[in-house]
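So you can see what is in the structure, the chains are spelled out below.
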Amino acid sequence: MNAPLAPDSLLAQLRWRCAVKKFDPSRTIAPATWRALEEALVLTPSSYGLQPWKFVVVESKAVREQLLPASWNQRQIVDASHLVVLCIQKHFGADGIDRFVKRMATVRGVAPESLDKFRSMMVRDVAEGARSWRINDWSANQLFIALGNLMTSAALLGIDTCPIEGFEPPKYDQILGLAAQGLAATVVCAAGYRAADDKYAAGPKVRFPLDEVIERR
Ligand SMILES: Cc1cc2nc3c(=O)[nH]c(=O)nc-3n(C[C@H](O)[C@H](O)[C@H](O)COP(=O)(O)O)c2cc1C
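For clarity, every value in this text was computed on a predicted model and none was experimentally measured. (Residues numbered from 1 in each chain as written. Predicted model: local features only at pLDDT ≥ 70, side-chain atom pairs only at ≥ 80, totals over all residues.)

## Some words on the overall build of the protein
- In terms of helices and strands, the protein carries 10 helices and 4 strands.
- Listed N to C, the secondary structure of the protein is α-α-β-α-α-β-α-α-α-α-β-α-β-α in terms of helices and strands.
- Taking the principal axes of its C-alpha atoms as reference, the protein extends roughly 60 × 45 × 35 Å.
- The 217 residues of the protein split such that 28% are buried.
- Taking the contacts inside the protein whose residues are at least 6 apart along the sequence as the reference set, 81% of them involve residues at least 24 apart. (Helix = DSSP H or I, 4+ residues; strand = E, 2+ residues; numbered from the N terminus. Buried ≥ 20, exposed ≤ 12 C-beta atoms within 10 Å, placed from the backbone. Contact = placed C-beta atoms within 7 Å.)

## Quick look at the sheet that holds strand β4 (residues 183-192)
- With respect to topology, 4 strands assemble into an open sheet ordered β1-β2-β4-β3, the strand pairing being antiparallel. Of all strands in the sheet, those with a lone pairing partner are β1 (53-57) and β3 (160-164), marking the two edges. Averaged over all pairs of adjacent strands, the angle between strand axes in this sheet comes to 25°, irrespective of strand direction.
- The sheet contact formed by β1 and strand β2 (residues 82-89) spans 5 bridges and is antiparallel. Within the sheet, the bridge partner assigned to V56 lies in β2 and is V85. (Pairing = 2+ DSSP bridges. Axes fitted to C-alpha atoms, helices over the stretch in contact; angles between N-to-C directions.)

## Comments concerning the site of the ligand
- Looking at the ligand, the residues that line it are C18, A19, K21, Q74, C162, P163, I164, E165, G166, V187 and K205.
- Considering every element that reaches the shell around the ligand, the biggest residue donor is β3, with 3 residues.
- A class-by-class count of the residues in the shell around the ligand yields 6 nonpolar, 2 polar and 3 charged. (Near = placed C-beta within 6 Å. Nonpolar A, V, L, I, M, F, W, Y, C, P; charged D, E, K, R; others polar.)

Structural data, given as structure tokens:
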């Protein structure tokens, strides 16, 4: 492990982070930095480690122009250096669990059968149990961990982001051909550099006081 970040440095970056309304369209995230943020997405934890997601990075400006009207015309969609559409795998079930078990066996160098009990437990819980009744919501819960991870990781690297729920998921699914892949756009994140005249960036953070939000018992 590298030397941990000092608490003050962490807080400085989290206070610097804001949901950017206006990106500088002339600035691009360097490839190595972007690659690190993609790795951060991959490293996101999920329940059982199941990773019921796909992250679609929309590089084409032409496609991003198409997404703009389906995004309440929020300019971040086009002006940011990078745009990620965070998608759930719809109706996640036994197939997804099997794919994960296979991957775990490969990574850990064990026989897939040695994971049978673990597999059955996940199937009972996620594919057949109470979670399966609202499986797309469960997957979306996992996906929002990825969103948080991406935003915080970016802030630590001095990269701006804007999380975006103000968009029309069915239109995204159609424009990006997501339904055919069994995916559903759930939340979007633009990343890049704030414009010098983004007036919201300079404003104070509106948060409830710590003592109201954190309760000790
Ligand atoms: C899930 C989610 C969706 C959001 N959707 C939008 C959005 O569509 N457009 C936007 O400008 N900001 C959006 N925001 C930003 C929030 O308004 C912002 O995070 C909040 O006001 C706190 O401000 P701060 O992030 O600058 O500290 C979203 C935030 C989250 C977490």
